[in-house]
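# Structural features, examined
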Amino acid sequence: MKYDVIVIAGTTESREVIVRQLKEKKKILACVATKLGAEMLADYDIDIHAGRLDEDGFVKLFTENPCGKIVDATHPFARIVTETVRAAAARLQIPYERYERQELTYDYERLFSVADAGEAAAWLNERDGNVLLTTGVNTASLYMERVKDARERLFIRVLDNESSLEGCRKAGYPDEHVFGKMPPFTVEDNLRLIRETKASVMVSKDSGKTGGVDVKVEACRRAGIDFLLIRRPAPKMPRVLLAGANSGCGKTSVTCGILKALTDRGVKIQSYKCGPDYIDPMLHGHITGRDCRNLDPFFSTGEELRSLVAKDSRQVEFSVAEGVMGYYDGVGVTCEKSTYTVSEETKTPTILIINGKGMSHTMIPLIKGLAEYRDNPVRGVILNRCSRPMYERMKPLIEEELGILVVGYFPENKDAHIGSRHLGLMTAAEIENLDEVISLLGKMAEESIDLDLLMKIGREAPALPDKMEKEIQKEKGQKERIKIAVAWDKAFCFYYAQNLDILREKGADLVYFSPVEDERLPEDVSGIYIGGGYPETYRKELSENLSMKASIHQAAESGMPILAECGGFMYTCENLIETDGTSVPMLGLVPTDVEMTRKLSGEFGYVTMEALKDTPFFKKGTKIRAHEFHYSKAAERGDVCLMSKTTGRNWQGVYSVGNLLAGYPHLYFHNCPQVAESFVRLAEEYKGTCE
């Protein structure tokens, strides 16, 4: 290997990266776009490549100079370079890391923000007075062309080098309106220039502390003028969504195969699952090493879905979402709140998975109907349970007749099977040969799916905002943290990753324990969260673990807040009765028995809960969207909430006993943040009584 690291350089951060790598005795090649960039790195013991490159150019460079990894430390506004380098690295399967410059928040009432230079020019045209541009030479001509009275009003500060100064002259700026200076700049430096130009507004890109934005804002505050900030371009976040024509078409197997194949290539992946699913996310996380996230339009608005995708996808190289049911199957018999909704709201390029077993030419009208029924981001198809000869015959027909890409096929293989049970697939922890099955699926995907084409389609995805991420960051670290015990073992493992994130964001540290195997609750916890799962499968172990039951009883009696959902609710009941009539005692915190059934409960699916009375977790009248899915029934379901379905059916459910809230509904905290906030607050109050 010729180099340990190739650094895509040109910023202060890139020099910091280079210094760290040199301390580790790494051999480095730095890539810069300009002669000036090369001059700034001349004193380092590294090799330098100077010049602008397109994707093929980077591929050629990386091929001729093999390396262990690529570190992209370019400017946050150099998104085209970032996407080009990322694509080239993916083509060659070279590990890629993005070094992001820290973002700051600015508390100034006269700060305004726009998306780009074009919006900035339009904003300036609505205001009078002189303008001080500190946005660099690249957009100098745009402002001169678009801002009214530009030659009289515009003043610009650029780097003090001939290239920048000449660029301003060519753009039409009078010499006396151009200030060639070299950073860093203090608040006083900015104030002097504001006074000299008699500026009423300063314009800057959001280049963070490194770009001196914080001192610019302070100078504007002292001068009492407006500050116009150009936001960083949102990262494009390459991604695809894998959707099926129907349940059982093989979405999970194909998705797991693709996740495994891409992970084996060294691609850093974030996975998502549409709908209220817990089991597929466990499989995804087992493969990628990252928590899978749920995207559910019943719980989230379009803006929230986009922000949720942006929050995690900005940290990886590629994202893959798995759909739920058929592409257009939503609430009731409508397409509302469906996989289609997720793909459309997030503008994620979608690949349809078609079960080709038992058909040939009929695939064409089937694909045509799915692709043309609504405006959608469908970009390709994968033919599942399809032989190679059939794939080779159908691919040109489909592409010629429909103009849609056939990304590959997936052959049928009885050895690549993930077991199932009454609540769906078996959990990752229960499949003894899981790694063997996943490896086989990954090999099949590598051999039969054009992964390069898949990633190329994903790179066409548009950028997404990350507003929610920034808002959440503001909340962190504001209060003393408490510990919440989370039941996690073979019996209880159904949790939305976002729920656990939100508890942490609200001030909780999560401590995991096993009601099946542990003797007691963890030390120093102030709350208990018992999610769904398969308590009926491990009823004997749960019932006979008397010390754990006593520990939870003592916590409940002392006022510790407990949130129990579905399987957790079953655990809090008095007795769990099997379909054969046999019964075992559970915790007995809720005054009812639960009996297993052979059929799915008629209450399954999305519900809206309306609180009929005050509880420690929410007030009377609160409405919360939730989800039920269980093969059991409670003799008494509780009377805290009125549960309603879109069909008009309703019933009462949920128990509130002391600081215990227990019921069949699974909650999604993004939809009901007040529950998470109340849970953490109750835990804090409980901790206070124990000190």
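Residues numbered from 1 in each chain as written. Predicted model: local features only at pLDDT ≥ 70, side-chain atom pairs only at ≥ 80, totals over all residues. Heavy atoms only, no water.

### Concerning the sheet that holds strand S3 (residues 47-50)
Taking strand neighbours across the sheet as the criterion, the five strands line up as S3-S2-S1-S4-S5 in an open arrangement whose pairing is parallel. Since the sheet does not close on itself, it has two edges, and those belong to S3 and strand S5 (96-98), each with one partner. Put simply, the sheet's adjacent strands are angled 20 degrees from each other on average, direction ignored. In terms of strand pairing, strand S4 (residues 67-72) meets S5 through three bridges, oriented parallel. Bridge assignment links valine 71 to a residue of S5, and that residue is glutamate 97. The strands that helix H1 (residues 12-23) touches are strand S1 (3-8), strand S2 (28-32) and S4; relative to S1, the one it contacts most, it runs at about 170 degrees. (Pairing = 2+ DSSP bridges. Helix = DSSP H or I, 4+ residues; strand = E, 2+ residues; numbered from the N terminus. Axes fitted to C-alpha atoms, helices over the stretch in contact; angles between N-to-C directions. Contact = heavy atoms within 4.5 Å.)

### Some words on the pairing of strand S17 (residues 378-384)
When you tally the buried positions in S17, you get six out of seven residues, the bulk of the element. Across six bridges, the pairing between strand S16 (residues 350-355) and S17 is parallel. From the neighbouring strand, threonine 350 faces S17, where its bridge partner is valine 378. Following the backbone out of S16, through helix H15 (residues 363-372) and into the adjacent parallel S17, one traces a crossover that is right-handed. Bridging between S17 and strand S18 (residues 405-410) involves five bridges; their strand directions are parallel. Paired with leucine 383 across the two strands is tyrosine 409, which belongs to S18. Handedness of the S17-helix H16 (residues 388-402)-S18 crossover: right-handed. (Buried < 20%, exposed > 50% of the residue type's maximum accessible area, 1.4 Å probe, protein only. Right-handed = clockwise from strand over helix to strand, strands pointing away.)

### A look at unusual backbone geometry
The omega torsion across proline 183 and proline 184 is 5 degrees, close enough to zero to call that bond cis. Its location among the elements puts proline 184 in the loop between strand S9 (178-181) and helix H9 (187-197). Backbone geometry at aspartate 149 places phi at a positive 55 degrees, although glycine is not the residue there. Counting through the fold element by element, aspartate 149 comes out in the loop between helix H6 (140-146) and helix H7 (150-153). Phi angles above zero are rare outside glycine, and arginine 385 is one such case at about 50 degrees.

### Examining the environment of serine 551
The residue serine 551 is located in helix H22 (residues 546-557) in this model. Along the backbone, serine 551 and leucine 521 are 30 residues apart, and their C-alpha atoms lie at a distance of 6.2 Å. Apart from the residues lying within four places of it in its own chain, the contact partners of serine 551 are Arg520 and Leu521. Of the polar contacts made by the side chain of serine 551, one reaches the backbone nitrogen of leucine 521; its length is 3.0 Å. (Polar contact = N/O pair within 3.5 Å; in protein donor to acceptor, adjacent residues only side chain to side chain.)

### Some remarks on the pattern of salt bridges
Within the structure shown, the criterion is met by 39 salt bridges. Between lysine 209 and aspartate 214 there is a salt bridge, and its shortest N-O distance comes to 3.0 Å. Since its relative accessible area comes to 56%, lysine 209 is described here as exposed. On the basis of relative accessible area, aspartate 214 is assigned to the partly exposed category, the value being 25%. Here glutamate 399 makes a salt bridge to lysine 395, at a shortest N to O gap of 2.9 Å. A residue pair is termed a helical-turn pair when its members lie 3 or 4 positions apart in one helix, as glutamate 399 and lysine 395 do in helix H16 at four residues. Glutamate 399 sits in the partly exposed class, given a relative accessible area of 26%. (Salt bridge = Lys/Arg side-chain N within 4 Å of Asp/Glu carboxyl O.)

### With respect to H16
Compared with the 21 Å implied by 1.5 Å per residue over 15 residues, the 20 Å span of H16 between its first and last C-alpha is a close match. In the structure, H16 departs most strongly from a straight axis at methionine 394, where the bend amounts to approximately 30 degrees and where the proline proline 396 lies between one and four residues downstream. Looking at H16, one finds that the buried residues are Tyr391, Met394 and Ile398. Packing partners of the buried residues in H16 comprise H15, S17 and S18. Capping the start of H16 is the job of one residue whose side-chain oxygen sits 3.3 Å from the backbone nitrogen of methionine 390: serine 387. After H16 finishes, the residue glycine 403 shows a positive phi value of roughly 65 degrees. (Expected span 1.5 Å × (residues − 1). Bend = angle between axes of the 7 residues up to and from the residue.)

### Some details on helix H8 (residues 162-171)
Among all positions of H8, only Ser164, Leu165, Cys168 and Ala171 are buried. Down the axis of H8, the smallest arc covering the buried residues is 125 degrees, so these residues share one side. Opposite the buried face of H8, by more than 90 degrees, sit the exposed residues Glu162, Ser163 and Lys170. On its buried face, H8 sits against H6, strand S8 (154-159) and S9. (Arc of directions from axis to C-beta.)

### Looking at the sheet that holds strand S27 (residues 575-577)
One open sheet holds the four strands; their spatial order is S28-S27-S29-S32, and the pairing between them is mixed. For this open sheet the edge positions go to strand S28 (583-585) and strand S32 (632-634), each flanked by a neighbour on one side alone. Strand-to-strand twist in this sheet, taken as the mean axis angle between neighbours without regard to direction, amounts to 20 degrees. When strand S29 (residues 594-596) meets S32, the two strands line up antiparallel, connected through three bridges. Paired with glutamate 595 across the bridge in S32 is lysine 633.

### Considerations on the packing of H15 against H16
At their nearest, the axes of H15 and H16 sit 10 Å apart, and the two run at 45 degrees to each other. The angle between the axes of H15 and H16 places the two elements in the oblique class. The two elements H15 and H16 meet at a crossing, and its hand is right-handed. Counting all contacts with H15, which are made through Met363, Ile364, Ile367 and Lys368, the residues of H16 involved are Met390, Met394, Leu397, Ile398, Glu401 and Leu402. Class assignment for the residues of the contact of H15 with H16 results in eight nonpolar, no polar and two charged. (Parallel < 35°, antiparallel > 145°, perpendicular 65-115°, else oblique. Left-handed = near helix turned anticlockwise from the far one by under 90°. Nonpolar A, V, L, I, M, F, W, Y, C, P; charged D, E, K, R; others polar.)

### Let's talk about the packing of aromatic side chains
Counted by the stated rule, this structure contains 25 aromatic pairs. Here phenylalanine 299 and tyrosine 496 contribute two aromatic rings whose centre-to-centre distance is 6.4 Å and whose plane-to-plane angle is 70 degrees, an arrangement assigned as edge-to-face. Linking phenylalanine 299 in the loop between strand S14 (293-295) and helix H13 (302-313) with tyrosine 496 in the loop between strand S22 (492-494) and helix H20 (497-505), this pair joins segments that are 197 residues apart in sequence. Per residue, the accessibility class of phenylalanine 299 equals that of tyrosine 496, and both read buried. Here the aromatic cluster, defined as three or more aromatic residues joined through ring pairs, consists of Tyr278, Phe298, Phe299, Phe494, Tyr496, Tyr534, Tyr606 and Tyr668. When the ring centre of tyrosine 3 is taken as origin, the NZ or CZ atom of lysine 27, which lies over that ring, is 5.4 Å away. Its end group placed over the ring of phenylalanine 298, arginine 625 keeps NZ or CZ at 4.6 Å from the ring centre. (Phe/Tyr/Trp six-rings, centres within 6.5 Å; stacked < 30°, edge-to-face > 60°. Lys NZ or Arg CZ within 6 Å of the ring centre and 35° of its normal.)

### Quick word on the confidence of the model for the chain
When pLDDT is averaged along the chain, the result is 91, and 95% of the positions lie at 70 or above. Across residues 421-425, confidence stays below pLDDT 50; counting only partners more than four residues off in sequence or on other chains, it has 24 contacts. (pLDDT = per-residue confidence, 0-100.)

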